[in-house]
Amino acid sequence: ANYSGGNISVFKTNADGSLQPHCQIVGHEGYGVNVERQEMPHPHCVVFSPDEKYLYCADLGNDRLYQYKVDINSADNVLSPADPEYLTIPDGAGPRHFTFSPDGKNAYLINELSGQIIVYDYNNGKLTEKQTIASDNTNIKGDKASADIHITPNGKFAYSTNRGTANDIALFKVQTDGTLLDNGHQPTVNHPRNFMVDPTGRFLLVAGRDANSIQVFIINKNYGLLQDASLKIDVPKPVCIKMVPVQ
């Protein structure tokens, strides 16, 4: 997803994992109501569906969640518009990050500018909206800055980060139907831009961009609450954390 370019680049991989030159560029059109942040399309993330038949792109600049069909065997037309081509998100919401539940039955979209999460049912490429809930509960208008959202591996808890005035993590319990129940907020270091839940579901690591550190929390396996592990990893301006298996 190319935020400044307003498009998506598609690359195929070589056997050793290296990338071939891009085989497709998909451009977006339109703009949003926020003249400072939504003057043009701003694709913020791309996420494959659990079965990898579809690709979803949250576009902060035009308040759309794009849906593409994926054909991995195509030489230069890997992505083609699904039906519908996109879902329209409320004006000024600013879709930012998108994720699926571990069982693939639900999907979650966090919106940076409105500070809200939209919950969907998911079934074979079809998204059906069923809940909107606040991630950033500060009352200061125009200072919402929600960033990232993830679900624990067991599917029981959801977390989202909020920058701006809040500087915290919103905690949620995931109900049996996939909807979210507010479970409180956990203060963090400054500008919690991105975070990850480790594969065991025991730890949550937060990239505090303006704190120049990664903050580590322990996840309570019964209630989903977070305990500061009093462990910070010094990193200049961290913005994204990924964990890869050690061979």
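Everything that follows concerns the structure shown earlier in this document.
One structure accompanies this document, and this report is about it. Since we're looking at a predicted model, the values are computed, not measured.

Reading guide: rules and limits
- Residues numbered from 1 in each chain as written.
- Predicted model: local features only at pLDDT ≥ 70, side-chain atom pairs only at ≥ 80, totals over all residues.
- Heavy atoms only, no water.
- Helix = DSSP H or I, 4+ residues; strand = E, 2+ residues; numbered from the N terminus.
- Rg over C-alpha atoms; globule rule 2.2 N^0.38 Å.
- Buried < 20%, exposed > 50% of the residue type's maximum accessible area, 1.4 Å probe, protein only.
- Contact = heavy atoms within 4.5 Å.
- Areas by Shrake-Rupley, 256 points an atom, 1.4 Å probe, with all protein chains shown as cover.
- Lys, Arg positive; Asp, Glu negative; His and termini not counted.
- Charge placed at Lys NZ, Arg CZ, Asp CG, Glu CD.
- Pairing = 2+ DSSP bridges.
- Axes fitted to C-alpha atoms, helices over the stretch in contact; angles between N-to-C directions.

**Points about the overall build of the protein chain**
Argument step 1. A tally of helices and strands in the protein chain yields 0 helices and 18 strands.
Argument step 2. Its C-alpha atoms give the protein chain a radius of gyration of 18 Å, near enough to 18 Å, the size a compact globule of 247 residues would have.
Argument step 3. By principal-axis analysis of the C-alpha atoms, the protein chain measures approximately 50 × 45 × 40 Å.
Argument step 4. The burial tally for the protein chain puts 50% of its 247 residues in the buried class.
Argument step 5. For the protein chain, restricting intrachain contacts to residue pairs at least 6 apart in sequence, the fraction spanning at least 24 positions comes to 43%.
Argument step 6. Roughly 12,500 Å² of accessible area belongs to the protein chain as shown, and the carbon and sulfur atoms make up 50% of that amount.
Argument step 7. The protein chain carries 21 positive and 27 negative side-chain charges, and their two centres are separated by 5 Å.

**So, the sheet that holds strand S9 (residues 116-123)**
Argument step 1. A sheet is described by the order of its strands in space; here 4 strands give the open sequence S7-S8-S9-S10, paired in antiparallel fashion. Only two strands of the sheet have a single neighbouring strand rather than two, namely strand S7 (95-100) and strand S10 (126-134). Here the strands of the sheet are splayed against their neighbours by 25° on average, with no regard to which way each runs.
Argument step 2. The sheet contact formed by S7 and strand S8 (residues 106-111) spans 5 bridges and is antiparallel. Bridge assignment links Thr99 to a residue of S8, and that residue is Tyr108.

**Some remarks on the side chain of Gln186**
Argument step 1. Topologically, Gln186 is positioned in strand S14 (residues 180-187).
Argument step 2. Residue contacts for Gln186: discarding those within four places in its chain leaves Asp168, Ile169, Leu171, Phe217 and Leu226.

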